[in-house]
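Listed below are the residues making up each chain.
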Amino acid sequence: MSRRPPRGEYIETDTGNKVARKATLVGTQNIMLGGKTVIQPEVMIRGDLIRTIQASSQSASGAPPNNTAVSIGRYCFLSRGCCLRPPGRLYKGTFTYMPLRMGDHVFVGPGSVIQAASVGSHVHIGTNVVVGEFAIIKDYVRILDGTVVPPNMVIPSLSIVAGQPARLIGEVPEGGHEAFELRDLYKTVGNNPQPAPS
Amino acid sequence: MSSKRHSILPPVSQSGPKPPVHFSSSITIADSALLIGTNLIVIHSESVIHPRAKLDSLAGRITVGRRCIVHERATLGAVGTSGKITEAAVTLGDYVTVEVGASIEAGETVIGEGTVVGVGARVGAGAVVGKHCTLTPHTEIAAGEVVPDFTVVYSNGMRRTDKRGVAELKNKGQARQIDVLRRMIPSNPAKFA
């Protein structure tokens, strides 16, 4: 008998990230995971699209260039088939990609494509959502299924948006914050998943 | 961990026949792009094919114009419900952008110069999309439909005409973007030859 455990569907890192073997991560050296993040199969993250122009303050100080293309906080959940890619635009006459920053407890639904500049913490993004380039999503935002968030849109905290293009349709009710917590969801996937607490 | 950590990038399954290709020497095509089918795939100069884009020439020839960008998971020449074989399955003009997960079905489908096919959009078989159109994300163009030049299709099929006159600027921006992508995406046209 081999003492080696059977190869699970997920790779579990020391910091608690659960990354599916069938996920497509391009440019892994430029993707930062905060820990306890779940990446399901068929997720695609484009870490190879790094910024080509450094911020002027950095280039002046001579610090080593920061090549992070996608940074993800703790307890994020990337569902099957979603795609994260850094947004790109013309800047001072040349084209450059900019980093995509994501906070903690962000849920990204299946089949969604995220090209935001920043996504806050405790954000719920539904199924088949498209977040356009350089959109800024603040904290505690709920984006309903099938929404198309146009490029450069700023979604304020505690709002609920839906539609094509996305419009504000409501606010997160008082006491509705707990629903954004993803700690329990984190435990239900991986190589030895636990049932969700009822 | 005793188990060897395998590459995070799973191999692309090369199923089906390897199609004949005609590439310009200046194109950028990612190693993990998927080219299948039996008919000729032509890619003109300076076009960029992102990883995991799928070009399927089973139902006819695929032509990609100059300075086009085909993003990841986009499908050119998807065999739709009709499934008939034609001379030219999909023809992209110059400066066309096909964004993430968009699908262009086979069957004499033409996309005009400078048109942007948005994320997850679907263009039906035999549709003719004019020049400098914008199809916003999740747009559906029915089979055989003709979309005039400078049309913006948005919000579940609403249409208007783009009167900004920025086509030239957009083409210039596309050229800049290709300059950057060429440095970022390791190109491997030899794999498909």
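Residues numbered from 1 in each chain as written. Chains lettered and ligands numbered in written order. Predicted model: local features only at pLDDT ≥ 70, side-chain atom pairs only at ≥ 80, totals over all residues. Heavy atoms only, no water.

- As annotated in an unreviewed UniProt entry, chain B is Dynactin subunit 6 from Achaetomium macrosporum.
- Regarding chain B, the relevant UniProt record gives this comment under Sequence similarities (unreviewed entry): "Belongs to the dynactin subunits 5/6 family. Dynactin subunit 6 subfamily."
- You can read under Function (unreviewed entry) in the UniProt record for chain B the words "Part of the dynactin complex that activates the molecular motor dynein for ultra-processive transport along microtubules." (UniProt positions renumbered as here; feature names shortened; annotations may be inferred.)

- Chain A is annotated in an unreviewed UniProt entry as Dynactin subunit 5 of Achaetomium macrosporum.
- The Subcellular location (unreviewed entry) comment attached to chain A in UniProt states, word for word, "Cytoplasm, Cytoskeleton".
- Its UniProt record, at the heading Sequence similarities (unreviewed entry), says of chain A: "Belongs to the dynactin subunits 5/6 family. Dynactin subunit 5 subfamily."

### Let's talk about the overall build of chain A
Part 1 of the reasoning: Looking only at helices and strands, chain A features two helices and 23 strands.
Part 2 of the reasoning: In terms of overall dimensions, chain A is globule-like: its C-alpha atoms have a radius of gyration of 18 Å, near the 16 Å expected for 198 residues.
Part 3 of the reasoning: C-alpha atoms of chain A, sized along the principal axes, occupy 60 × 45 × 25 Å.
Part 4 of the reasoning: Of all intrachain contacts in chain A linking residues separated by at least 6 positions in sequence, the fraction that spans at least 24 positions is 39%.
Part 5 of the reasoning: Put simply, chain A shows about 9,300 Å² of open surface, and 52% of that area lies on carbon and sulfur atoms.
Part 6 of the reasoning: Between the centroid of the 20 positive side chains of chain A and the centroid of its 14 negative side chains there is a distance of 8 Å. (Helix = DSSP H or I, 4+ residues; strand = E, 2+ residues; numbered from the N terminus. Rg over C-alpha atoms; globule rule 2.2 N^0.38 Å. Contact = heavy atoms within 4.5 Å. Areas by Shrake-Rupley, 256 points an atom, 1.4 Å probe, with all protein chains shown as cover. Lys, Arg positive; Asp, Glu negative; His and termini not counted. Charge placed at Lys NZ, Arg CZ, Asp CG, Glu CD.)

### Overview of the nonpolar core
Part 1 of the reasoning: Residues A:Ile45, A:Leu78, A:Leu84, A:Ile114 and A:Ile143 are the most contacted members of the largest nonpolar core, which totals 55 residues.
Part 2 of the reasoning: The biggest single contributor to this core is helix H1 (residues 167-184) of chain B, with four residues.
Part 3 of the reasoning: When neighbours within four sequence positions are excluded, A:Ile114 is seen to be in contact with A:Cys83, A:Leu84, A:Arg85, A:Leu100, A:Val108, A:Val119, A:Ile125 and A:Val131.
Part 4 of the reasoning: Counting residues in hydrophobic clusters, the runner-up holds 37 residues, among them B:Ile104, B:Ile111, B:Ala127 and B:Val147. (Core = buried A, V, L, I, M, F, W, Y, C linked by side-chain atoms within 4.5 Å. Buried < 20%, exposed > 50% of the residue type's maximum accessible area, 1.4 Å probe, protein only.)

### Points about the pairing of strand S9 (residues 75-78) of chain B
Residues and elements named next belong to chain B.
Part 1 of the reasoning: In this sheet, S9 lies alongside strand S6 (residues 54-57) in parallel orientation, the contact comprising two bridges. Within S9, the position partnered with lysine 54 by the bridge is threonine 75.
Part 2 of the reasoning: Here S9 pairs with strand S12 (residues 103-105) via three bridges, running parallel. Its bridge partner lying in S12, threonine 75 is registered against serine 103. (Pairing = 2+ DSSP bridges.)

### Focus: the sheet that holds strand S4 (residues 31-33) of chain A
Residues and elements named next belong to chain A.
Part 1 of the reasoning: Reading across the sheet, the six strands line up as S4-S7-S12-S15-S18-S21 and stay open at both edges, with parallel pairing between neighbours. Strand pairing shows two members of the sheet lacking a second neighbour, S4 and strand S21 (154-155), which therefore form its edges.
Part 2 of the reasoning: Relative to strand S7 (residues 70-72), S4 runs parallel, the two being bridged by three bridges. By the bridge assignment for S7, isoleucine 31 is matched with valine 70.

### A word on the interface of chain B and chain A
Part 1 of the reasoning: Between chain B and chain A, the residue contacts involve 28 residues of the former and 36 residues of the latter.
Part 2 of the reasoning: Counting the contacts that link chain B with chain A gives two salt bridges.
Part 3 of the reasoning: In this assembly, chain B and chain A are joined by nine residue pairs in polar contact (both at pLDDT 80 or more).
Part 4 of the reasoning: The residue makeup of the side of chain B that touches chain A, split by class, is 11 nonpolar, 10 polar and seven charged. (Salt bridge = Lys/Arg side-chain N within 4 Å of Asp/Glu carboxyl O. Polar contact = N/O pair within 3.5 Å; in protein donor to acceptor, adjacent residues only side chain to side chain. Nonpolar A, V, L, I, M, F, W, Y, C, P; charged D, E, K, R; others polar.)

### With respect to the sheet that holds strand S13 (residues 106-108) of chain A
All names here are of chain A.
Part 1 of the reasoning: Within the open sheet, the nine strands sit side by side as S1-S2-S5-S8-S13-S16-S19-S22-S23. Their pairing is mixed. Two strands close off the open sheet at either side, each with one partner strand: strand S1 (10-12) and strand S23 (167-171).
Part 2 of the reasoning: Strand direction decides the pairing type here: strand S19 (residues 142-143) and strand S22 (residues 159-162), joined by two bridges, are parallel. Each residue of the ladder has a partner; that of isoleucine 143, found in S22, is valine 161.

### Side note on a nonpolar patch on the surface
Part 1 of the reasoning: A contiguous nonpolar surface patch, about 210 Å² in accessible area, is contributed by B:Val110, B:Val128 and B:Val146.
Part 2 of the reasoning: The topology assignment puts B:Val110 in strand S13 (residues 109-111). (Patch = residues over 30% accessible without salt bridge, like charges linked within 9 Å, V, L, I, M, F, W, Y side chains within 5 Å.)

### So, the environment of B:Val166
Part 1 of the reasoning: Looking at where B:Val166 falls in the secondary structure, it is placed in the loop between strand S21 (158-161) and H1.
Part 2 of the reasoning: In sequence terms B:Val166 and B:His132 are 34 residues apart; their C-alpha atoms lie 9.3 Å from each other.

### Comments concerning the confidence of the model for chain A
Part 1 of the reasoning: Predicted confidence across chain A gives a mean pLDDT of 89, with 91% of residues reaching 70 or more.
Part 2 of the reasoning: At the level of individual helices and strands, chain A shows its lowest average pLDDT in helix H1 (residues 56-61) of chain A, which scores 57, and its highest in strand S18 (residues 136-137) of chain A, which scores 97. (pLDDT = per-residue confidence, 0-100.)

### Thoughts on the environment of A:Thr188
All names here are of chain A.
Part 1 of the reasoning: Residue position: threonine 188 is located in the segment after helix H2 (183-187).
Part 2 of the reasoning: For threonine 188, a relative accessible area of 22% corresponds to the partly exposed category.
Part 3 of the reasoning: Setting aside chain neighbours within four positions, we find threonine 188 in contact with Pro193, Gln194, Pro195 and Ala196.
Part 4 of the reasoning: Only 2.6 Å separates the side chain of threonine 188 from the backbone oxygen of leucine 185, close enough to count as a polar contact.

### Here we look at the packing of aromatic side chains
To describe a pair of aromatic rings, you give the distance between the ring centres and the angle between the ring planes.
Part 1 of the reasoning: Going through the model one piece at a time under the given rule, you end up with four aromatic pairs over all chains.
Part 2 of the reasoning: With a centroid separation of 5.5 Å and 15° between ring planes, the pair formed by A:Phe77 and A:Phe107 is classed as stacked. Of this pair, A:Phe77 sits in strand S8 (residues 77-78) while A:Phe107 sits in strand S13; the two residues are 30 residues apart in sequence, bridging distant segments of the chain. Like A:Phe107, A:Phe77 is buried.
Part 3 of the reasoning: Aromatic pair A:Phe95 and A:Tyr97: ring centres 5.2 Å apart, planes at 85°, arrangement edge-to-face. The exposure classification of A:Phe95 matches that of A:Tyr97, with both residues buried.
Part 4 of the reasoning: The aromatic ring of A:Phe180 is capped on one face by A:Arg142, whose charged end is 4.9 Å from the ring centroid.
Part 5 of the reasoning: A cation sits over an aromatic face here: B:Arg160 above B:Tyr154, 5.2 Å from the ring centre. (Phe/Tyr/Trp six-rings, centres within 6.5 Å; stacked < 30°, edge-to-face > 60°. Lys NZ or Arg CZ within 6 Å of the ring centre and 35° of its normal.)

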